[in-house]
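Report on the structure
One letter stands for each residue in the lines below.
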Amino acid sequence: MKIFHSTAEYFPFIKVGGLSDMLSSFSRFQAKENEVSVALPLLSHMEDRISFSGKEFKCIRQSDNYGSDASMILSKSRFLHTRLHGVDIYFFQSPIFQKYSSIYGNSDELFSFAIFSYACHHLSILLKADIIHAHDWHTSLSIYLSAKSGNPKSKVFTIHNLAYQGDHPYWMTQFLRLDPFYIRMESLDNLGKVNYMKGAILSADEITTVSPGYREEVLSEPAGCHLAWLLNDRKDSFTGIMNGIDEHEWNPEVDSKIFLNYNKDTAEQGKYENKLRLYHEQGLHVDMERPMVGIVSRLTYQKGFETFLDAFVNRIHLPFYYFVLGTGDENLEEAFFYHSHHNQQKLYFFKGFNETLARKIEAASDFFLMPSLFEPCGLNQLYSHAYGSIPIVSRVGGLKDSVHESDLIEYKTGFVFEPNDSSSLGYALERASSTYYNKNEFNQIRKNIMSLDWGWKKSTEKYHELYARSMKGII
Ligand code: ADP
Ligand code: GLC
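Residues numbered from 1 in each chain as written. Chains lettered and ligands numbered in written order. Predicted model: local features only at pLDDT ≥ 70, side-chain atom pairs only at ≥ 80, totals over all residues. Heavy atoms only, no water.

With respect to the sheet that holds strand S8 (residues 167-168)
- Judged by pairing direction, the sheet is antiparallel, and its three strands sit side by side in the order S8-S10-S9 without closing on themselves. Of all the strands in the sheet, just S8 and strand S9 (189-190) have a single pairing partner and so form its edges.
- In terms of strand pairing, S8 meets strand S10 (residues 193-195) through two bridges, oriented antiparallel. Each bridged residue has a counterpart across the sheet, and for Asp167 the counterpart in S10 is Asn195.
- Set on the sheet, helix H6 (residues 196-203) makes contact with S8, S9 and S10; between it and S10 the angle comes to about 55°. (Pairing = 2+ DSSP bridges. Helix = DSSP H or I, 4+ residues; strand = E, 2+ residues; numbered from the N terminus. Contact = heavy atoms within 4.5 Å. Axes fitted to C-alpha atoms, helices over the stretch in contact; angles between N-to-C directions.)

A word on the pairing of strand S6 (residues 131-135)
- Across the five residues that make up S6, a large majority, five, are buried.
- Burial along S6 is two-sided: the face carrying Ile131, His133 and His135 and the face carrying Ile132 and Ala134 are both buried.
- Relative to strand S7 (residues 154-159), S6 is paired through five bridges, and the arrangement is parallel. Of the residues in S7, the one forming a bridge with His135 is Thr158. (Buried < 20%, exposed > 50% of the residue type's maximum accessible area, 1.4 Å probe, protein only.)

Section: the site of ligand 2
- Around ligand 2, the surrounding shell consists of Gly18, Leu19, His160, Asn161, Val210, Asn243, Gln302, Glu375, Pro376, Cys377, Gly378 and Leu379.
- For ligand 2, an oxygen atom lies 2.7 Å from a polar atom in the side chain of His160.
- Here Glu375 contributes a side-chain N or O atom positioned 2.5 Å from an oxygen atom of ligand 2.
- Here the residues of the shell around ligand 2 sort into five nonpolar, six polar and one charged. (Near = heavy atom within 4 Å. Polar contact = N/O pair within 3.5 Å; in protein donor to acceptor, adjacent residues only side chain to side chain. Nonpolar A, V, L, I, M, F, W, Y, C, P; charged D, E, K, R; others polar.)

Notes on the sheet that holds strand S15 (residues 347-351)
- Sheet architecture is open: six strands sit in the order S15-S14-S13-S16-S17-S18, paired in parallel fashion. Strands with a single pairing partner mark the edges of an open sheet, and in this sheet they are S15 and strand S18 (415-417). Taking the axes of each pair of neighbouring strands and ignoring which way they run, one obtains an average angle of 20° across the sheet.
- Where helix H15 (residues 422-436) meets the sheet, it contacts strand S14 (321-328), strand S16 (367-370), strand S17 (390-394) and S18, and its direction lies at approximately 165° from that of S18.

These figures come from the coordinates and say nothing about function on their own.
In structure tokens:
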């Protein structure tokens with residue numbers, strides 16, 4: 001099967017969040033038995049780091065070009081090829097992205113992602129893909145355009161986060177009416193706005209999201225973010241499939257970025273050593289007997305840190321030491337800096353995006369906290385399982401699907417509390433704390449989580465059943 005993914009993020013080239021890890025681990029797994037291609041934008045700083053194969057592809061069909069601005073840009077753009085871990089990667093080299101060093105938040109992103117989406121649609125035809133599989137609003141129009149032209153025949157769209165839809169007033173994207181798009185914009189309308197994501201949900205053969213729990217949630221408002229009605233219309237073709245992780249990439253036994261490798265038999269000593277050296281590296285003097293709670297996150301509304309900060313203050317007497325790595329909303333950064341300064345013996349904040357430190361924190365933590373208000377899947381709770389850091393999570397989306405606070409100790413894989421409820425979080429912290437001092441119980445839970453299999457095998461099979469369905473007997 002020839003599978004073509006269009007995406008805004010792909011590890012290790014562009015990473016803002018979990019979309020990047022998901023796409024690279026998933027496509028590598030698929031590539032074991034399929035011909036897999038991925039298209040992503042080429043940003044200014046990336047060009048020198050990549051060795052291209054020399055293969056190049058055009059980005060626009062001649063018959064679509066009547067000289068609009070969008071067409072002109074596409075004529076000056078091309079796809080450059082490289083191959084990594086069995087996956088063919090096509091970088092969209094274009095004047096529209098080359099001026100930027102970050103993928104999101106650029107002032108012309110409605111324009112640039114529409115152009116990229118057209119180019120992806122075109123490339124998927126040149127590569128004779130059986131399936132075009134697009135991810136989130138940035139590449140939604142590649143599904144819409146494929147449906148319009150009937151090529152590739154099979155179109156799959158994955159929602160990683162319904163909160164971002166690329167919706168905007170009509171006047172901002174009048175270019176969509178012209179070449180090379182020729183889109184009737186009214187078909188993208190949701191509540192009087194043009195909505196890119198709606199275009200994909202409407203026209204994909206199959207729609208997926210990244211956990212069964214999140215699928216259920218978004219079928220009602222407010223989690224449906226004003227698109228629950230459409231998802232309900234398309235309910236029979238809408239599936240929740242849990243993300244997997246790359247078990248070689250995120251494996252404490254071989255991870256070269258952590259201080260000391262370990263596995264489930266050597267976790268106690270291994271994690272102690274990682275914690276010791278992490279504190280030392282950061283110049284922190286913390287009693288090693290105290291439990292460390294790791295936090296690695298984008299600091300945005302979604303992630304629920306207001307709830308945490310409340311619970312933190314209310315349960316300041318608990319013995320935890322919180323090690324926080326993150327960047328994002330200024331008010332959250334300020335709040336973390338405040339506590340890092342005024343409660344030095346309780347919390348440490350490292351502002352930034354740092355892949356190596358993220359792994360060191362996973363290796364060093366006793367617990368890992370994710371207080372999200374909503375969470376389509378979440379990868380860090382899965383990484384935490386692999387690294388033996390017991391997750392403390394809110395009961396939402398993919399978190400509730402993957403972390404179970406069972407009464408039976410041999411099935412317990414973390415602690416769960418109600419979202420947006422600081423008392424419930426505070427109580428979960430108390431349960432975690434008493435478990436920490438019950439060594440048998442603590443070690444048993446750590447063993448449970450390190451034995452879990454979050455690899456891609458099962459989920460890839462589900463995607464492939466769905467691909468087969470979308471090809472309606474073509475294979
Ligand atoms: P989301 O995609 O909503 O941010 P996920 O849990 O799916 O949430 O994925 C987040 C990914 O981004 C994880 O791999 C996590 O380690 C990484 N990450 C988030 N913030 C940071 C940071 N400040 N530094 C390093 N890695 C980070
Ligand atoms: C999004 C979601 C996150 C999910 C990731 C990968 O960024 O916020 O929950 O894990 O996509 O699918």
